[in-house]
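# What the coordinates show
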Amino acid sequence: MTFMVYRKTSKLRKSASILMVIFATAVLSWQLPVILEGLASWLGAKSPRLQVALTSFAALCVQALPFVLIGSVASATVAVFMTPQRWKKVLPTKSVPAIMVAAVLGMVVPTCECSSVPLARRMIKSGVPPSAAVTFMTAAPSLNPLVVIATVTAFGGWEMAAARFGAGLLAVVGLGLVVAAFGQQAFAALTTTDIHEHDQEHEHLHGNEHESKSQKWIHAVWHDAIGAATFLVLGGAIAATASAFLPISAAATVSQQVFVAILVMAIFAVIASLCSLGDAFVAAALVGVHPAGALAFLVVGPIIDIKLSAMMEGILGSKPTRLIALGGFSTALGTTVIVSALLGWL
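Residues numbered from 1 in each chain as written. Predicted model: local features only at pLDDT ≥ 70, side-chain atom pairs only at ≥ 80, totals over all residues. Heavy atoms only, no water.

### Notes on the side chain of S276
Convention followed: Secondary structure is summarised from DSSP: a helix means a run of H or I of at least four residues, a strand means a run of E of at least two, and numbering begins at the N terminus for each. Between N or O atoms, a polar contact is any pair within 3.5 Å; within protein, one atom must be a potential hydrogen donor and the other a potential acceptor, and residues adjacent in sequence are included only when both atoms are from side chains. Note on contacts: a residue pair qualifies if any of its non-hydrogen atoms lie within 4.5 Å across the two residues.
Tracing the backbone through its elements, the reader meets S276 in the loop between helix 12 (258-272) and helix 13 (279-285). One polar contact links the side chain of S276 to the main-chain carbonyl oxygen of P141, over a distance of 2.7 Å. Those residues in contact with S276 that sit more than four places away from it in its chain are E113, P141, V147, R164 and P302.

As structure tokens, this is what we get:
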């Protein structure tokens, strides 16, 4: 009895500590621009370009971090309360209809990249077609309403947000069809599970069975918020530094050579590994980049990047990861070109 009380008290303390850290992180994020502005003013006389970089970084943090925090809360809620069995009931059993339904669900379910990968594995283990699970895994961080609103806010209008939505929708559906056509062998190991593996997976994904849903939710918020904010800060620092210090000739090349801009920005998206709730602010901060290049950055990032590749390798396996990486990158580039041509950007 005493042990059970101690264990419960320990869990409550752990949850309270995580909540306090989340609150402290939010307060620090709110005060970060003030700190950076003061630092920028102090350094302004010595290095005007550094002042510009710090000011741009501060502005990016102010705009993007609220979306990251809100998205982490929403994503954790979906991960904890939407079980794989419920997904199986919602999605059709046939691949093509399931792909279409999964893409539509991605438009309304705010799940970040970090949560969507283990969720996709759970969906596949529950009997959902791999093509549908992959479609949802990439559609949710690409098409959900928070991402659209963040893109509108970052670019100050609907054109880039609409372009991102259209190209992203075509890309995730295209990737789903690629998986349906060529992924049977790649995903074979995930469609069969023995009892021992199921027990290990349940413990890994759901934590201690004695934890309440509220505790699991707090842990999920913590995981998603810290991961997303970390990569946002790194990506924002790179974008602000590049905008301030990149030679004008190099910026002009990326701006004028459309297909070079598309390829360069797509590769940058893979390397930067940003959360889709903050990537639009980084893209908008890169002054002089061609709109088609910015679109490639926004479409490729939520589908495949270094961070996601590492997660997929550990959770889905090497064969599915290679198929998703190659198919996702190719379809994202193709749909970027198509939508850019329709908008007259080429």
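### Some words on helix 4 (residues 95-108)
Defined as follows: Multiplying one less than the number of residues by 1.5 Å gives the expected span of a helix. When a residue's accessible area, from a 1.4 Å probe over protein chains only, is under 20% of the maximum for its type it is buried; when over 50% it is exposed; and in between it is partly exposed. Think of it as the arc spanned by the lines of direction from the helix axis to the C-beta atoms.
With 14 residues, helix 4 ought to run about 20 Å at 1.5 Å a step, and its terminal C-alpha atoms sit 20 Å apart, in line with that. Those residues of helix 4 not exposed but buried are A98, I99, A102, A103, L105 and G106. Taken end-on, helix 4 shows its buried residues confined to a sector of 165°, consistent with a single buried face.

### Some remarks on the packing of helix 12 against helix 16 (residues 318-342)
The following threshold applies: Note on geometry: axes are C-alpha line fits, over the in-contact stretch for helices, and angles between N-to-C directions span 0 to 180 degrees. Small angles under 35 degrees read as roughly parallel and large ones over 145 as roughly antiparallel, with 65 to 115 read as roughly perpendicular and the rest as oblique. Helix crossings fall into two classes, left-handed where the near helix is turned counterclockwise from the far one by less than a right angle and right-handed where it is turned clockwise. Just so you know the grouping, Ala, Val, Leu, Ile, Met, Phe, Trp, Tyr, Cys and Pro go in nonpolar, Asp, Glu, Lys and Arg go in charged, and all remaining residues, Gly too, go in polar.
Running from N to C, helix 12 and helix 16 cross one another at 140°; their axes reach a closest spacing of 11 Å. What the angle tells us is that helix 12 and helix 16 run oblique. In this structure, helix 12 crosses over helix 16, and the sense of that crossing is right-handed. Contacts from F259, I262, A266 and V270 in helix 12 reach F329, L333, T336 and V337 in helix 16. Here the contact of helix 12 with helix 16 is composed, by residue class, of seven nonpolar, one polar and no charged.

### Digging into the nonpolar core
What counts is decided by this rule: Among the buried residues, those of types Ala, Val, Leu, Ile, Met, Phe, Trp, Tyr and Cys that are joined through side-chain atoms within 4.5 Å form a nonpolar core.
Judged by nonpolar contacts, the single largest core of 68 residues is most densely connected at F136, F187 and F297. Once residues within four sequence positions are removed from consideration, F136 is found in contact with W87, A102, L105, G106, V109, T111, L119, M123 and P141.

### Here we look at the environment of A283
By the element assignment, A283 lies in helix 13. Sequence-distant contacts of A283, that is, excluding residues within four places in its chain, are made with F155, F297 and L298.

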